Amino acid sequence: AGNDTVATYALNNQGGNLAPVRTIRGIHDSELDGPSGVALRIDPNPGGSPQLSGDEIWVTNRGSDKVTAYSRIDDLDVTPLYRICGAQTQLHSPCGIALSSYNGNERVFVANDKIPGGSDLDRITIYNRSNVLSAGQGSDPTSGEVAPAYVIQGDQTGLSTPCGIAVDDTTGDI
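What counts, and where the lines are drawn
- Each residue is numbered by its place in its chain's sequence as written, counting from 1.
- Per-residue local features of the predicted model are confined to residues with pLDDT of at least 70, and side-chain atom pairs are confined, for both listing and counting, to 80 or more; whole-chain, interface and lining totals are unaffected and use all residues.
- Side-chain numbers here rest on the full set of heavy atoms in the structure, without hydrogens or water.
- Comment: elements are numbered from the N terminus, with helices defined as DSSP H or I runs of at least four residues and strands as E runs of at least two.
- In this analysis, two residues are considered to be in contact whenever any of their non-hydrogen atoms come within 4.5 Å of each other.
- Method for areas: the Shrake-Rupley scheme with a 1.4 Å probe, in which residue coverage is limited to the protein chains shown.
- Cysteine sulfur atoms are paired as a disulfide whenever they come within 2.5 Å of each other.
- The cut-offs for exposure are 20% and 50% of the maximum accessible area for each residue type, with area from a 1.4 Å probe on protein chains only; residues under the lower value are buried, those over the upper are exposed, and the others partly exposed.
- Any two strands are treated as partners once DSSP identifies two or more bridges connecting them.
- Lines fitted to C-alpha atoms define the axes, with helix axes restricted to the stretch in contact, and inter-axis angles between N-to-C directions lie between 0 and 180 degrees.
- Salt bridge, as used here, is a side-chain nitrogen of Lys or Arg placed within 4 Å of a carboxyl oxygen of Asp or Glu.
- Each polar contact in these results corresponds to two N or O atoms within 3.5 Å; when the atoms are within protein, one needs to be able to donate a hydrogen and the other to accept it, and residues that are neighboring in sequence are counted only if both atoms are side-chain atoms.

Chemist: Is there a simple way to explain the overall build of the protein chain in this structure?
Modeler: When its secondary structure is counted, the protein chain shows one helix and ten strands. Long-range contacts, defined here as pairs at least 24 residues apart, represent 56% of the contacts in the protein chain between residues at least 6 apart. Of the roughly 9100 Å² of accessible surface on the protein chain, 48% is carried by carbon and sulfur atoms.

Chemist: What exactly am I supposed to notice about the state of the cysteines here?
Modeler: Put plainly, a disulfide is one covalent bond tying together the sulfur atoms of two cysteines. Going through the model one piece at a time under the given rule, you end up with one disulfide. Disulfide partner of cysteine 95: cysteine 163, at an S-S distance of 2.1 Å. Residue cysteine 95 is found in strand E7 (residues 94–100), and its partner cysteine 163 is found in the segment after strand E10 (150–153); the two are separated by 68 residues along the sequence. Taking the relative accessible area as the measure of exposure, cysteine 95 reaches 2% and is therefore buried. Look at cysteine 163 and you get partly exposed, because its relative accessible area is 43%.

Chemist: Before we go on, may I ask you to explain the sheet that holds strand E5 (residues 66–71) in this structure?
Modeler: Sheet strands pair by backbone hydrogen bonding; their relative direction is either parallel or antiparallel. Here four strands make up an open sheet; going across it, the order is E3-E4-E5-E6 and the pairing antiparallel. If you trace the sheet from one side to the other, it starts and ends with strand E3 (35–41) and strand E6 (82–84), each paired once. Put simply, the sheet's adjacent strands are angled 20° from each other on average, direction ignored. Bridging between E5 and E6 involves three bridges; their strand directions are antiparallel. Note that in E6 the partner of threonine 68 across the bridge is arginine 83.

Chemist: Help me out: how do you make sense of the pattern of salt bridges in this one?
Modeler: It is possible for side chains of opposite charge to pair when their charged atoms get near one another. Applying the stated criterion to the full structure yields eight salt bridges. Here glutamate 31 makes a salt bridge to arginine 83, at a shortest N to O gap of 2.8 Å. Within this pair, whereas glutamate 31 is found in the loop between strand E2 (22–25) and E3, its partner arginine 83 is found in strand E6, the two being separated by 52 residues in sequence. Residue glutamate 31 shares its accessibility class with arginine 83, and that shared class is buried. Aspartate 55 is paired through a salt bridge with arginine 72; the nearest N and O atoms lie 3.3 Å apart.

Chemist: I would appreciate a short explanation of the side chain of arginine 123 in the present structure.
Modeler: Within the secondary structure layout, arginine 123 lies in strand E9 (residues 123–128). According to the relative accessible area criterion, arginine 123 is buried, its value standing at 7%. From its side chain, arginine 123 meets the backbone oxygen of glutamine 90 in a polar contact 2.9 Å long. Setting aside residues up to four positions removed in sequence, arginine 123 forms contacts with Gln90, Val110, Ala111, Asn112, Val151, Ile152, Gln153, Leu159 and Pro162.

Chemist: I keep staring at the sheet that holds strand E8 (residues 107–112) and nothing clicks. Help me out?
Modeler: Reading across the sheet, the four strands line up as E7-E8-E9-E10 and stay open at both edges, with antiparallel pairing between neighbours. A strand with exactly one partner marks an edge of an open sheet, and here the two such strands are E7 and E10. Strand-to-strand, the axes of this sheet are offset by a mean angle of 15°, without reference to chain direction. Strand direction decides the pairing type here: E7 and E8, joined by six bridges, are antiparallel. Across the sheet, residue glycine 96 finds its bridge partner in E8, namely alanine 111.

Chemist: Could you clarify how one ought to interpret the environment of threonine 60 in this entry?
Modeler: Here threonine 60 shows up in strand E4 (residues 56–61). According to the relative accessible area criterion, threonine 60 is buried, its value standing at 0%. Between the C-alpha atom of threonine 60 and that of isoleucine 97, which follows or precedes it by 37 residues, the distance is 6.7 Å. Filtering out sequence-adjacent residues up to four positions away, threonine 60 remains in contact with Gly34, Pro35, Ser36, Gly37, Lys66, Val67, Pro94, Cys95, Gly96, Ile97 and Val110.

Shown next, in the form of structure tokens:
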């Protein structure tokens with residue numbers, strides 16, 4: 001847990017040994033635990049209600065089967081704005097994450113790994129962002145119990161240890 005960080009770097013067009021400009025870290029307040037996938041949401045309506053808008057960083061946490069979201073400008077050990085966690089979520093070892101607003105529906109897409117030796121399947125879980133915002137707010141680390149709107153799983157999918165995920169906002173293709 002000592003290295004559980006999400007770092008933001010300023011692009012200086014030079015590369016090299018850059019120090020991060022912001023770092024979300026720790027598992028006490030930030031709830032980071034084996035962060036794996038990261039997605040950035042840029043607010044399509046800046047200046048709106050803070051609860052329904054704002055630039056956000058969404059993170060999959062393999063160690064705790066949880067997705068956490070932070071303000072894009074958060075730094076250090078901060079409490080997530082939102083989270084997806086609990087049995088109803090069907091998260092297991094979430095690795096990849098993507099955000100989409102295809103057809104005006106804001107959704108969170110998560111690639112999940114199966115339980116080794118178990119009967120669980122590799123899957124993609126898809127959540128309506130509005131449901132996450134209402135269920136996963138606040139300082140209670142157990143808030144965020146939200147069932148997926150859709151689940152993609154099964155033999156026909158061809159999923160095998162999915163880690164990365166992307167969504168085409170023009171077609172809705174995953």
